Amino acid sequence: MNPTISIIIAIFNRKDELFELLNSLSHQTDKNFEVIIVDDGSKIALLPTVELFQEQLDIQFFRKENSGPGLSRNYGAKRAKNEWLIFVDSDVIVETDYIENIKKNIIENPCDAFGGADKAHRGFNLMQKAISYSMTSVFTTGGIRGSKKAVTKFQPRSFNMGVNKEKFLSIGGFSEMRIGEDPDLSMTFWENGYTTLFYDNIGVYHKRRTDFGKFSKQVYQFGCARPILNQRHPKYVKPTFWFPSLFLLGYLVGVIHYFVWENGLILALYGLYTFLVFLHALIVTKNISIAGMAIISTYIQMFSYGYGFLKSWFMLNILKQTPQEAFPKHFH
C-alpha cells in the first residue's frame, strides 16, 4: 500500500520562512499528503500566510500557548490523520520530489523512523553556506548530517525526520526536553527495539541561523544538551562526544605554551587543521569566500559546543545537579 504522509511544522514567528517552506511543499510531484502547522504562541499572525496555500495544500492550522518545539510537534502528531509523520523545521526548503522519494523509500527500505541530509541551497547567502558546511563536514560532525557513507546507526534530526505514527505515540512522542529532544527521541526508539534509517535522497535545504552570533548560541545549547542525553541514555555514550571540548582545551593549552614557554607546536597543529578545513571547504563549495568563512564557523561550532558540553558535564557530574536544576530553560 502507498504510505500516507502528514507533514508537521511546529513554528514560532518566522513568517517569511513559513511562506518559503509551504511554497516548496505546494510544488510536490506527489500531492497526496496533509500539512499540519502548529503555531507555538507566535507574536505575529501566521494564519494569513497559511491561507495563501489553502487551495494548493491539504492544510490544518492550530495555535497554542508556547511550549517549545517538542511538545508542539506532539500536539500536531495527535491531530494527524495519516500513518507517517514527517517533522520539518520552518527554516527548510524541500525539493519537488521530496514526498515522492519518502514514499518510495518507506516501501523499499522499511523502518520505524528515518531522516535525511542537511544541505545548503544555491540561493543561501555565503554565511549560511559556510555554517551548513561546518554542520555537515567530516572535520566537525564526521559528516553524519550530510552523507550516507558516514552513517552507521543514524539518529534522525527533527529538521528532517519521519516516524511511524503508531510507534511514535507508543513511546509518548518527544520528551520534556526543549534542546536535544530529537536525539533523545531516536535513542528512545532504539531502546524500544525500533529501527532508524538514513535516506540519502530526501535531503532538505536548511537555512539555520543567519549570523555567527545566533549560530554560536545554538551549538552552545547543543553542547549543553549532550551530557544530559548521556545520563538519559548511557548505553549510547561515545568517547567522540568529548572531541569539541578537547579541541577547545587543546587550543587554550596551545596559547599558554606559546606565550609562556614560546613553544608554538600545538598551535601549529591547529594551523594545519585550519588549512585542511579551508582546503576541504574550497573543494566542496568551490568558493574561496565560503571556504574562508567556513574556518570561522567551524571554530565557532567547536568552541561553543565544547564549552557548552564542559559546562554541562561539570554541573551534572561535579556539582551533582539534576538536569532540571542545571538548565531549567531546557525543560518544560
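In what follows, the structure referred to is the one given above.
Below you will find a few notes about this structure. As the structure is a computational prediction, the values presented were derived from the model and not from experiment.

A word on the overall build of the protein chain. Secondary structure summary: the protein chain contains twelve helices and ten strands in total. In terms of C-alpha radius of gyration, the protein chain reaches 20 Å, essentially the compact-globule figure of 20 Å for 332 residues. Taken over the C-alpha atoms alone, the protein chain extends approximately 70 × 45 × 40 Å along its principal axes. Across the 332 residues in the protein chain, those meeting the buried criterion constitute 54%. Contacts spanning at least 24 positions in sequence make up 79% of the contacts within the protein chain whose residues lie at least 6 apart. Summed over its atoms, the accessible surface of the protein chain is roughly 15600 Å², and 58% of this surface lies on carbon and sulfur atoms. Of the charged side chains in the protein chain, 36 are positive and 30 negative; the average position of the first set lies 4 Å away from that of the second.

With phi around 60 degrees, Lys286 is a residue other than glycine that occupies positive phi space. Its location among the elements puts Lys286 in the loop between helix H10 (265-285) and helix H11 (288-317). Positive phi outside glycine occurs at Lys320, with the angle close to 60 degrees. Residue classification places Lys320 among the exposed residues on the basis of a relative accessible area of 63%.

To continue, consider the packing of aromatic side chains. For the coordinates displayed, the defined rule picks out 25 aromatic pairs. Between Phe154 and Phe198, the ring centres sit 4.9 Å apart and the planes meet at 85 degrees, which makes this aromatic pair edge-to-face. You can see Phe154 sitting in the loop between helix H5 (126-136) and strand E8 (160-164) and its partner Phe198 sitting in strand E9 (residues 196-198), a full 44 residues away along the chain. Residue Phe154 shares its accessibility class with Phe198, and that shared class is buried. An aromatic cluster of three or more residues is present, and its members are Phe139, Phe243, Phe247, Tyr251, Tyr270, Tyr273, Tyr299 and Phe303. Positioned over the ring face of Phe241 is Arg226, at 4.1 Å from the centre of the ring.

Where a strand is regular, its side chains alternate between the two sheet faces. When you tally the buried positions in E8, you get five out of five residues, the bulk of the element. Relative to E8, strand E4 (residues 84-88) runs antiparallel, the two being bridged by five bridges. Note on E8: the bridge partner recorded for Val88 is Asn160. Relative to E8, strand E6 (residues 113-115) runs antiparallel, the two being bridged by three bridges. From the neighbouring strand, Ala113 faces E8, where its bridge partner is Val163.

The next thing to look at is the sheet that holds strand E2 (residues 34-40). Ordered by their spatial adjacency, seven strands build an open sheet running E3-E2-E1-E4-E8-E6-E9, and the pairing between neighbours is mixed. The sheet is open, and its two borders are formed by strand E3 (58-64) and E9, each paired with just one other strand. Adjacent strand axes in the sheet meet at a mean angle of 20 degrees when their direction is disregarded.

This part covers the sheet that holds strand E5 (residues 92-94). Taken in spatial order, the three strands line up as E5-E10-E7 in an open sheet, and their pairing is mixed. Unpaired on one side and paired on the other, E5 and strand E7 (118-119) mark the two borders of the sheet. In terms of strand pairing, E7 meets strand E10 (residues 204-206) through two bridges, oriented parallel. The partner of Asp118 across the bridge, within E10, is Val204.

In this fold, Leu71 is placed in helix H3 (residues 69-78). For Leu71, a relative accessible area of 29% gives the class partly exposed. As a C-alpha pair, Leu71 and Phe174 span 103 residues in sequence and 6.5 Å in three-dimensional space. Once residues within four sequence positions are removed from consideration, Leu71 is found in contact with Phe174, Ser175 and His332.

Conventions we followed
- Residues numbered from 1 in each chain as written.
- Predicted model: local features only at pLDDT ≥ 70, side-chain atom pairs only at ≥ 80, totals over all residues.
- Heavy atoms only, no water.
- Helix = DSSP H or I, 4+ residues; strand = E, 2+ residues; numbered from the N terminus.
- Rg over C-alpha atoms; globule rule 2.2 N^0.38 Å.
- Buried < 20%, exposed > 50% of the residue type's maximum accessible area, 1.4 Å probe, protein only.
- Contact = heavy atoms within 4.5 Å.
- Areas by Shrake-Rupley, 256 points an atom, 1.4 Å probe, with all protein chains shown as cover.
- Lys, Arg positive; Asp, Glu negative; His and termini not counted.
- Charge placed at Lys NZ, Arg CZ, Asp CG, Glu CD.
- Phe/Tyr/Trp six-rings, centres within 6.5 Å; stacked < 30°, edge-to-face > 60°.
- Lys NZ or Arg CZ within 6 Å of the ring centre and 35° of its normal.
- Pairing = 2+ DSSP bridges.
- Axes fitted to C-alpha atoms, helices over the stretch in contact; angles between N-to-C directions.

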